[in-house]
Amino acid sequence: KAGVTQTPRYLIKTRGQQVTLSCSPISGHRSVSWYQQTPGQGLQFLFEYFSETQRNKGNFPGRFSGRQFSNSRSEMNVSTLELGDSALYLCASSIPGPRGNEQYFGPGTRLTVT
Amino acid sequence: AQSVTQLGSHVSVSEGALVLLRCNYSSSVPPYLFWYVQYPNQGLQLLLKYTTGATLVKGINGFEAEFKKSETSFHLTKPSAHMSDAAEYFCAPHRAGNNRKLIWGLGTSLAVNP
């Protein structure tokens, strides 16, 4: 079974621009979560989508948005990029269950904002 | 609010020595607990998890962790470190229920010296 894929793997953008990141979950996984990882802050939860609906949301400004398509693929968009948005963005897919939410991570998209 | 503390952002051991990475969580309700590992330039990978039952959990690559309710701890150990164990390790307690967000520790970077 193919793992979680994320595109692109690396991205360089200029402050003020916007960016869209893509995540394809493992086949059969309907839940997709997004995280921002930075050296000082660790993993910060952005949002989770399940069956095309945002189910949970972290404490990020409205510049960060996402969506999920009917095939469970998800995109994340960041508008009006700031230098502080430079980070590794990780996507994880899962099959939600009653005993915890084991997540399978993609390799991430490294975003650099200059 | 639930939180997790990983004691020691950087741990260094010699090859062949015991690895001990500490994780303490705060919760009035015993959560489900996960340890993930992140190798350089990769996403996170599940090492092991505790849901219910036996409190000593064995994972991949010779790692194990013991859930101690009285100490609210879930420390990760490995009897003999290998060079390939050098990575970032994350502890994530998880509360069952409708709100299934994982709460992440800041991570512990493990260095293994020859």
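Scroll up a little and you will see the structure.
The text that follows walks through the structure, step by step, so that each part is easy to find. (Residues numbered from 1 in each chain as written. Chains lettered and ligands numbered in written order. Predicted model: local features only at pLDDT ≥ 70, side-chain atom pairs only at ≥ 80, totals over all residues. Heavy atoms only, no water.)

A closer look at the overall build of chain A
For clarity, the threshold we go by: Numbering of helices and strands starts at the N terminus; helices are DSSP runs of H or I of at least 4 residues and strands are runs of E of at least 2. Buried means the residue's accessible area, taken with a 1.4 Å probe over protein chains only, is under 20% of the maximum for its type, while exposed means over 50%, and partly exposed covers the values in between. The contact definition used throughout considers only heavy atoms, calling two residues in contact when any of these lie within 4.5 Å. Where accessible areas are quoted, they stem from the Shrake-Rupley method and a 1.4 Å probe; at the residue level, only the protein chains shown are allowed to cover.
A count of helical and extended segments in chain A gives zero helices and eleven strands. Going residue by residue from the N terminus, the α and β elements of chain A occur as β-β-β-β-β-β-β-β-β-β-β. Across its three principal directions, the C-alpha atoms of chain A cover 40 × 25 × 25 Å. Of all 114 residues assigned to chain A, the portion counted as buried reaches 51%. Partitioning the contacts of chain A with sequence separation of at least 6, the portion at a separation of at least 24 is 54%. With the model as given, the accessible surface of chain A reaches about 5,300 Å², and the carbon-plus-sulfur share is 49%.

Brief notes about the pattern of salt bridges
Residue and element names in this part refer to chain A. Basically, it comes down to this: We define a salt bridge as a side-chain nitrogen of Lys or Arg found within 4 Å of a carboxyl oxygen belonging to Asp or Glu.
Under the defined criterion, the tally for this structure stands at seven salt bridges over all chains. A salt bridge links arginine 55 to glutamate 48, with the nearest nitrogen and oxygen atoms 2.6 Å apart. You can call glutamate 48 buried: its relative accessible area is 2%. Shared partners join several salt bridges into a network, and the residues in it are Arg63, Glu82 and Asp85.

Notes on the sheet that holds strand β3 (residues 19-24) of chain A
Residues and elements named next belong to chain A. As a reminder, the rule being used: Strand pairing follows a simple DSSP-based rule, namely that at least 2 bridges must link the two strands. Note on method: axes are straight lines fitted to C-alpha atoms, helices fitted across the in-contact stretch only, with angles between N-to-C directions ranging 0 to 180 degrees.
Strand order in this open sheet of four strands is β1-β3-β8-β7, and the pairing throughout is antiparallel. Here the strands that pair on one side only, and so sit at the sheet edges, are β1 (5-7) and β7 (64-68). Sheet twist, expressed as the mean angle between neighbouring strand axes with direction ignored, is 20°.

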